[in-house]
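Analysis of the macromolecular model
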Amino acid sequence: NAGVTQTPKFQVLKTGQSMTLQCAQDMNHEYMSWYRQDPGMGLRLIHYSVGAGITDQGEVPNGYNVSRSTTEDFPLRLLSAAPSQTSVYFCASRRGDRDNSPLHFGNGTRLTVT
Amino acid sequence: DAKTTQPPSMDCAEGRAANLPCNHSTISGNEYVYWYRQIHSQGPQYIIHGLKNNETNEMASLIITEDRKSSTLILPHATLRDTAVYYCIVRGTSYGKLTFGQGTILTVHP
């Protein structure tokens, strides 16, 4: 299986544009999440989902929307991109949330907003 | 979830053991210790986790102190490819916001 797949790998947006970062996993994991990583800031949680139809906010949710209509997919939407959203975005999944299974990460989407 | 403290950077000679410490003095009884690493520009990679017993897998060993307030990740024979940022995280099994701190930058020298 492919694990966690993120697309696109790179994206450049202009301020105010919208886009969706895609994340798919083929491991039948219940838990999925989005992180952003900025220099010197470590990984910060944006949104997470403990199953289809259930989402919740992380540390830095403002400016981002998510939905979880299927177990496999967890897209992240930027409705009106801002330069402050320039970052590397990682999607991660885990078997369940009420267990001790580890997170599996994708290889990231590098987003630049000009 | 409990907070963790790690040194910002460490060096290790190739072929030697790398011992990465982590302090988690506020850990609760049901919280696990996880270690991940991130090699430049890639997604973080899971290494190992444990609750209270020492653990070993093909990548590393995890030593957790008896009071569980600290742990050490051991890479027994470090290689240049082990140069990465290593994250120590503590979480329980409840619905969770797993968060990552700054980690330790491990540099393995020839």
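Refer to the structure printed above.
Here the structure is a predicted model, which is why all the values come from computation and not from measurement.

Here we look at the layout of surface pockets
Taken as a whole, the largest pocket spans an internal volume of roughly 440 Å³. If you trace the largest pocket, you find 24 residues lining it, with Gln-37 of chain A together with Gln-38, His-40, Val-85 and Tyr-87 of chain B closest to the centre. In terms of residue class, the lining of the largest pocket is made up of 11 nonpolar, 11 polar and two charged.

Considerations on the nonpolar core
Grouped together as the largest cluster of nonpolar side chains are 21 residues, with contacts concentrated most on Trp-35, Leu-73, Tyr-86 and Leu-106 of chain B. Per-element accounting of this core gives the leading share, four residues, to strand β8 (residues 84–91) of chain B. In this view, Leu-106 of chain B contacts Met-10, Asp-11, Cys-12, Ala-18, Leu-20, Leu-75, Asp-82, Thr-83, Ala-84 and Tyr-86 of chain B; residues no more than four positions away in its chain are not counted. Within the second largest apolar cluster, 19 residues are counted, among which are Leu-21, Tyr-64, Phe-74 and Leu-78 of chain A.

As for the packing of aromatic side chains
This structure, assessed with the given rule, holds seven aromatic pairs over all chains. Ring geometry for Tyr-34 of chain B versus Tyr-36 of chain B: centroids 6.5 Å apart, planes at 20°, classification stacked. Neither Tyr-34 of chain B nor Tyr-36 of chain B differs from the other in exposure class; each is buried. Every member of this aromatic cluster is reached through a ring pair, and the members are Tyr-35 and Phe-105 of chain A together with Tyr-32, Tyr-34, Tyr-36 and Tyr-46 of chain B. Cation over ring: Arg-68 of chain A sits above Phe-74 of chain A, and NZ or CZ is 6.0 Å from the ring centre. Sitting over the ring of Tyr-31 of chain A, Arg-94 of chain A keeps its end group 4.0 Å from the ring centre.

Quick notes on the sheet that holds strand β8 (residues 76–78) of chain A
Residue and element names in this part refer to chain A. A sheet is described by the order of its strands in space; here four strands give the open sequence β1-β3-β8-β7, paired in antiparallel fashion. The open sheet has two edge strands, β1 (4–7) and β7 (64–66), and neither has a second partner. Geometrically, the sheet is characterised by an average inter-axis angle of 20° between neighbouring strands, direction not taken into account.

Conventions adopted
Residues numbered from 1 in each chain as written. Chains lettered and ligands numbered in written order. Predicted model: local features only at pLDDT ≥ 70, side-chain atom pairs only at ≥ 80, totals over all residues. Heavy atoms only, no water. 1 Å grid on protein atoms, 1.4 Å probe; cavity = no way out; pocket = protein on both sides within 12 Å on 5 of 7 lines; lining within 4 Å. Points joined across faces, edges and corners; volume = space filled by probe spheres on them. Nonpolar A, V, L, I, M, F, W, Y, C, P; charged D, E, K, R; others polar. Core = buried A, V, L, I, M, F, W, Y, C linked by side-chain atoms within 4.5 Å. Buried < 20%, exposed > 50% of the residue type's maximum accessible area, 1.4 Å probe, protein only. Helix = DSSP H or I, 4+ residues; strand = E, 2+ residues; numbered from the N terminus. Contact = heavy atoms within 4.5 Å. Phe/Tyr/Trp six-rings, centres within 6.5 Å; stacked < 30°, edge-to-face > 60°. Lys NZ or Arg CZ within 6 Å of the ring centre and 35° of its normal. Pairing = 2+ DSSP bridges. Axes fitted to C-alpha atoms, helices over the stretch in contact; angles between N-to-C directions.

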